[in-house]
Amino acid sequence: LREKPKEAEAWNFVRGQSLLLAEMGNLLLMRPPKTNERETWLGHAGDLRDAADKLARAAAAKDYAKSRAALASVANVCN
């Protein structure tokens, strides 16, 4: 998303990749570790899912400004 996608195919790619990240968050929610860090894990996994969902929704709407902001949010959650 360095530049605004010009074709619908590019927007679809961004949306698809975002949905993959959201599903990864779902999978992480399903398999938390059996340690004292379980609640922290679940919180981070939920944050990943939610941030990726926002990116997917912004990409589906072809809203470049919201997509860029949502991508930054996904990166922050991953870090």
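Quick caveat: nothing in here was measured; it's all calculated off a predicted structure.

Engineer: Would you explain the side chain of Ser18 in this entry?
Structural biologist: Mapped onto the fold, Ser18 is located in helix H1 (residues 8–30). A polar contact is formed between the side chain of Ser18 and the backbone oxygen of Val14, at a distance of 2.7 Å. Not counting chain neighbours up to four residues away, the residues in contact with Ser18 comprise Ala52, Leu55 and Ala56.

Engineer: Sorry if this is basic, but what is going on with the nonpolar core here?
Structural biologist: One broad trend across soluble globular proteins is that nonpolar side chains are buried collectively. In this structure, Trp11, Val14, Ala51, Leu55, Ala59, Ala70 and Val74 together form the largest nonpolar core, which totals seven residues. Sorting the residues of this core by element identifies H1, helix H2 (38–60) and helix H3 (64–78) as the ones contributing at least two each. Ranked by residues supplied to this core, first place goes to H2 with three residues. Residues within four places of Ala59 in sequence aside, it is in contact with Trp11, Val14, Arg15 and Ser67.

Engineer: Can you walk me through the side chain of Ser67 in this structure?
Structural biologist: Residue placement: Ser67 occurs in helix H3. For Ser67, a relative accessible area of 0% corresponds to the buried category. Excluding residues within four positions of it along the chain, Ser67 makes contact with Leu1, Trp11, Leu55, Ala58 and Ala59.

Engineer: Mind showing me how you'd approach H2 here?
Structural biologist: The terminal C-alpha atoms of H2, which comprises 23 residues, lie 33 Å apart, in line with the 33 Å expected from a rise of 1.5 Å per residue. All buried positions along H2 are accounted for by Ala45, Gly46, Leu48, Ala51, Ala52, Leu55, Ala56, Ala58 and Ala59. Its buried side turned inward, H2 meets H1 and H3. In the stretch just after H2, Lys62 is the one whose phi turns positive, near 55 degrees.

Engineer: Looking at this structure, how should I read the pattern of salt bridges?
Structural biologist: Applying the stated rule across the entire model yields two salt bridges. Ionic pairing is found between Asp50 and Arg49, a salt bridge with its closest N-O pair at 3.4 Å. Residue class for Arg49 comes out partly exposed when judged on its relative accessible area of 30%. Put simply, Arg57 and Asp53 hold a salt bridge, and the shortest N to O gap is 2.9 Å.

So, how was this worked out
- Residue indices begin from 1 for each chain and proceed along its sequence in written order.
- Local features are withheld for residues below a pLDDT of 70 in this predicted model, meaning they are given only at 70 or higher, and side-chain atom pairs are given and counted only at 80 or more; totals for whole chains, interfaces and linings count all residues.
- Hydrogens and water molecules were not included; the side-chain quantities draw on all heavy atoms of the structure.
- The numbering of helices and of strands both runs from the N terminus, where a helix is a DSSP run of H or I of at least 4 residues and a strand a run of E of at least 2.
- Polar contact is the term for a pair of N or O atoms within 3.5 Å; when the atoms are in protein, one must be able to donate a hydrogen and the other to accept it, and sequence-neighboring residues count only if both atoms are side-chain atoms.
- By definition in these notes, contact holds between two residues if any of their heavy atoms fall within 4.5 Å.
- In this text, buried Ala, Val, Leu, Ile, Met, Phe, Trp, Tyr and Cys residues form a nonpolar core when linked through side-chain atoms within 4.5 Å.
- Per-residue accessibility, obtained with a 1.4 Å probe over protein chains only, is compared with the maximum for each type, and a residue is labelled buried under 20%, exposed over 50%, and partly exposed between these values.
- To estimate how far a helix should extend, the number of its residues minus one is multiplied by 1.5 Å.
- Within this document, salt bridges are pairs made up of a side-chain nitrogen of Lys or Arg and a carboxyl oxygen of Asp or Glu, the two lying within 4 Å of each other.

Everything listed here is a matter of geometry and, on its own, says nothing about what the molecule does.
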